Amino acid sequence: MIRSGRASLVVLSTDTEPASISEMLTLEPSEVGRKGAQLRSGRVREHHFWSLDVDSLDNTDEDQSGTRALRALLVRCGPALDRVGKLPPDCDARIWWSADSDSAQGGFVLPVDLTEKISALGLDVYATVFFDRGSEKVPST
């Protein structure tokens, strides 16, 4: 079962500066990176990077869907609802969502109200589930 998750609204751009993205979206980012900056790997960043993040949130007794972080991100993105689609053409915006499962089989539900909110932003969601096999014994062959 999905136990927790993280979510981010990410904008990559070739020309539009991160400060301009903040102004256009009327949102303050969690992190920005400028094109041309050197990364820890030694590579040089090829795009400007702008990200609004919701750190890991565990499920609650009321909501076991595993979508708590995604919901929190959509609430934080509320002021940008009609602005994301108006970003300049050099901007690529998307939602990244990852979740942690407490078993080797993870599943989640995207309730209709949540998919409607995602649709209103007009963004694709890139999702990943990380599985924890824990102490399960894997049969040998």
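In what follows, the structure referred to is the one given above.
Residues numbered from 1 in each chain as written. Predicted model: local features only at pLDDT ≥ 70, side-chain atom pairs only at ≥ 80, totals over all residues. Heavy atoms only, no water.

Colleague: For this particular structure, what's the right way to read the sheet that holds strand 2 (residues 31-33)?
Modeller: In sheet architecture, strand pairing relies on hydrogen bonds along the backbone and comes in two forms, parallel and antiparallel. What the 5 strands build is an open sheet, ordered 2-3-1-4-5; its pairing is mixed. Because the sheet does not close on itself, it has two edges, and the strands there are strand 2 and strand 5 (125-131). Sheet twist, expressed as the mean angle between neighbouring strand axes with direction ignored, is 20°. Judged from the 3 bridges that link them, strand 2 and strand 3 (residues 48-58) form a sheet pairing that is antiparallel. When the sheet's bridge partners are listed, G33 is paired in strand 3 with F49. (Pairing = 2+ DSSP bridges. Helix = DSSP H or I, 4+ residues; strand = E, 2+ residues; numbered from the N terminus. Axes fitted to C-alpha atoms, helices over the stretch in contact; angles between N-to-C directions.)

Colleague: I keep staring at the nonpolar core and nothing clicks. Help me out?
Modeller: The nonpolar side chains of a soluble globular protein tend to be buried, and buried together. Core analysis: the biggest nonpolar cluster contains 25 residues, and L9, V11, L25, W50 and L73 have the highest contact counts within it. The set of elements that each furnish at least two residues to this core consists of strand 1 (2-13), helix 1 (18-25), strand 3, helix 2 (68-76), strand 4 (91-101) and helix 3 (112-121). With residues near it in sequence (within four places) discarded, L9 still touches L25, L27, W50, S51, L52, L73, C77, R94 and L123. (Core = buried A, V, L, I, M, F, W, Y, C linked by side-chain atoms within 4.5 Å. Buried < 20%, exposed > 50% of the residue type's maximum accessible area, 1.4 Å probe, protein only. Contact = heavy atoms within 4.5 Å.)

Colleague: Quick question: what am I supposed to make of helix 2 here?
Modeller: Residues lying three or four places apart along an α-helix face the same way, a consequence of the helix completing one turn every 3.6 residues. Buried within helix 2 we find A69, L70, L73 and L74. Along the axis of helix 2, the buried residues cluster in a sector spanning 140°; they form a single face. If you follow the buried residues of helix 2, they end up packed against strand 1, strand 3, strand 4 and helix 3. (Arc of directions from axis to C-beta.)

Colleague: Is there a simple way to think about the pattern of salt bridges in this case?
Modeller: Close approach of charged atoms allows side chains with opposite charge to pair. Using the criterion set out here, one finds 4 salt bridges in the structure. Among the ionic pairs, R34 bridges to E17, the shortest N-O distance being 2.0 Å. Of this pair, R34 sits in the loop between strand 2 and strand 3 while E17 sits in the loop between strand 1 and helix 1, placing them 17 residues apart in sequence. Here R71 ties to D113 by a salt bridge, and the two come within 3.0 Å at their closest N and O atoms. Highlighted residues: R71 in helix 2 and D113 in helix 3, separated in sequence by 42 residues. (Salt bridge = Lys/Arg side-chain N within 4 Å of Asp/Glu carboxyl O.)

Colleague: Please explain the packing of aromatic side chains as it appears in this structure.
Modeller: Aromatic ring pairs are defined here through the distance separating the ring centres and the angle between the ring planes. Within the structure shown, the criterion is met by 1 aromatic pair. On the numbers, 4.8 Å between centres and 35° between planes, the contact of W96 with Y126 is tilted. Of this pair, W96 sits in strand 4 while Y126 sits in strand 5, placing them 30 residues apart in sequence. The class of W96 is partly exposed, set by a relative accessible area of 38%. (Phe/Tyr/Trp six-rings, centres within 6.5 Å; stacked < 30°, edge-to-face > 60°.)

Colleague: Is there a simple way to explain the state of the cysteines in this structure?
Modeller: A covalent bond between the sulfur atoms of two cysteines is referred to as a disulfide. This model, assessed by the stated rule, comprises 0 disulfides. C91 carries a free sulfur, and the closest cysteine sulfur to it, the one in C77, is 15 Å from it. Here C91 falls in the buried class, since its relative accessible area comes to 15%. (Disulfide = S-S within 2.5 Å.)

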